[in-house]
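Residue-level structure breakdown
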Amino acid sequence: MKILVFLEQRDNLLKKSSLEALGVAHRIVQGHGSVEALILGEQAQALCEQAQGFGATTCHYVQAPSLRHYQPLLYKEILVQAIKQLQPDSVLGMTTPLSRDLLTRCAAALKAPLLTDLVDITAQEGRLMGGKKPLYAGKVLATLTYETQGVKIATLRPNSFAAEKIPGTMTIQALPLELPSTAMEKIELTEVRKGKSQKADLTEAARIISGGRALASADNFAILHRCAEVLGATVGASRAAVDAGYATHDMQVGQTGKTVNPTLYIACGISGAIQHLAGMRTSKIIVAINKDPEAPIFSIADYGIVADLFEAVPLLTEKLQGILKE
Ligand SMILES: Cc1cc2nc3c(=O)[nH]c(=O)nc-3n(C[C@H](O)[C@H](O)[C@H](O)COP(=O)(O)OP(=O)(O)OC[C@H]3O[C@@H](n4cnc5c(N)ncnc54)[C@H](O)[C@@H]3O)c2cc1C
């Protein structure tokens, strides 16, 4: 059995969550096969080093200036060629905008079955059999199984699996394949505009503090940023806060925003509408600060603070500063 893990890079930085897929692949094949990885990029060879010690025996790379930014058709063509050449039984990637797009295109091109956004996997003798996926805003977990033969493709929800250090050596090698011409792209990349830099992307963050409509202004988000600084957290927002212009869209958590899965999620002045819960209910520990004791967010919170956030957050920041300094 062989599993190929697509390791994603952005701006020549390996996505931390990709390493989680290596750990999953290692658990699937244990004693029954091998895990190989693939990185595409402008400096892909150097990035392979970062995958060392996470369970892969070989890290393949395809390096070219044209692979600097994600080009859907070019990347798909290369991944399809790599799959044909390496003949894996399964291909894993993470549920990120890039990998979700890419692996869907590959699955269509190869007529291979695709399961997306898995938070658990089932395997038998090194073979990926299926997995579990949250549906209806996380209210149910659907159990999905592959029914066809041939290569199986899956994407995994970030932060649902641990990226474990696994002893072993890994070979780094260039994948010898014909690089398709960029002229094949029907999509032209004209410009890459970066959003305001955040500490860690919300989908990768281990700690998140989010604010809702109750923040009442963009300036008031400063109290969340201060707390985030102390906690090493990333700041998120509800859609109401984004729509009101208090926060930018890349900060939105929820059904029409980002799906996050941190170890700690602190919701400040967020009521807990189902569309918000859809993006954060699988967080490991949820803390809610809300002055309404009946707010629905308390029904899924592990810890609830019934208080005015403008008093509670600065106090929490101060206490955390003291505790984390010790
Ligand atoms: C198709 C669709 C998609 C959507 N997608 C999303 C999405 O992706 N993400 C998302 O978040 N929403 C989404 N929504 C909107 C969602 O339904 C809610 O309207 C939104 O989440 C509410 O945001 P909120 O909790 O910040 O505001 P509110 O619901 O107005 O809640 C504000 C809360 O703050 C509390 N509060 C007020 N003042 C204070 C204070 N001083 N201290 C402490 N607490 C205080 C109040 O008690 C209240 O609970 C979507 C809606 C639709 C229809």
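No experiment lies behind these values; they were computed from the predicted model shown.

Our next topic: the overall build of the protein. Summing up its helical and strand segments, the protein has 8 helices and 17 strands in all. For the protein, whose C-alpha radius of gyration is 21 Å, the value lies close to the compact-globule estimate of 20 Å for 326 residues. Looking at the 326 residues of the protein, the share that counts as buried comes to 45%. Contacts in the protein between residues at least 24 apart in sequence constitute 66% of all its contacts with a sequence separation of at least 6.

Tracing the chain through its elements places Thr116 in strand E7 (residues 114-118). The exposure class of Thr116 is partly exposed, given the 19 C-beta atoms found within 10 Å. The spacing of Thr116 and Thr95 is 21 residues in sequence and 6.9 Å in space, taken between C-alpha atoms.

A few words now on the environment of Ala233. Summarising the element assignment, Ala233 is placed in the loop between helix H5 (222-231) and strand E14 (234-237). Since 24 C-beta atoms lie within 10 Å of it, Ala233 is described here as buried. Expressed as a C-alpha distance, the spacing of Ala233 and Leu202, which sit 31 residues apart in the sequence, is 9.2 Å. Among all residues touching Ala233, those that are not within four sequence positions of it are Ala205, Arg207, Ile208, Ile209 and Ala228.

Let us now look at the environment of Ala163. Structurally, Ala163 can be placed in the loop between strand E11 (152-156) and strand E12 (171-174). Given 17 C-beta atoms within a 10 Å radius, Ala163 is considered partly exposed. Along the backbone, Ala163 and Thr96 are 67 residues apart, and their C-alpha atoms lie at a distance of 16 Å. Not counting chain neighbours up to four residues away, the residues in contact with Ala163 comprise Leu19, Glu20, Gly23 and Phe54.

Burial within strand E15 (residues 264-268) is extensive, with 4 of its 5 residues counted as buried. Pairing of strand E13 (residues 207-211) with E15 involves 5 bridges; the strand directions are parallel. Its bridge partner lying in E15, Ile209 is registered against Ile266. A crossover connection joins E15 to the parallel strand E16 (residues 285-290) through helix H7 (residues 274-280); in handedness this β-α-β unit is right-handed.

It is worth spelling out the domain arrangement of the protein at this point. On domain assignment, one finds that the protein holds domain 1 (2-184) and domain 2 (207-325). A straight line from the C-alpha centre of domain 1 to that of domain 2 covers 32 Å. Its residues assigned to classes, the side of domain 1 that touches domain 2 comprises 4 nonpolar, 3 polar and 1 charged.

It is worth spelling out the site of the ligand at this point. Taken together, 28 residues sit near the ligand, with Gly212, Ala214, Arg239, Ala240 and Gly254 positioned nearest. Broken down by secondary-structure element, the contributors of at least two residues to the shell around the ligand are helix H6 (239-243), H7, E16 and helix H8 (309-325). Of the residues belonging to the shell around the ligand, the class tally is 10 nonpolar, 13 polar and 5 charged.

Where a protein is soluble and globular, its nonpolar side chains tend to be buried together. Judged by nonpolar contacts, the single largest core of 52 residues is most densely connected at Val5, Leu22, Ala25, Ile39 and Ala51. Of all the elements, helix H1 (residues 18-29) adds the most residues to this core, at 7 residues. Among the nonpolar cores identified, the runner-up in size contains 40 residues, and Ala228, Ala237, Cys268 and Val313 belong to it.

Criteria and cut-off values
- Residues numbered from 1 in each chain as written.
- Predicted model: local features only at pLDDT ≥ 70, side-chain atom pairs only at ≥ 80, totals over all residues.
- Helix = DSSP H or I, 4+ residues; strand = E, 2+ residues; numbered from the N terminus.
- Rg over C-alpha atoms; globule rule 2.2 N^0.38 Å.
- Buried ≥ 20, exposed ≤ 12 C-beta atoms within 10 Å, placed from the backbone.
- Contact = placed C-beta atoms within 7 Å.
- Pairing = 2+ DSSP bridges.
- Right-handed = clockwise from strand over helix to strand, strands pointing away.
- Domains from an automatic or database assignment.
- Nonpolar A, V, L, I, M, F, W, Y, C, P; charged D, E, K, R; others polar.
- Near = placed C-beta within 6 Å.
- Core = buried A, V, L, I, M, F, W, Y, C linked by C-beta atoms within 7 Å.

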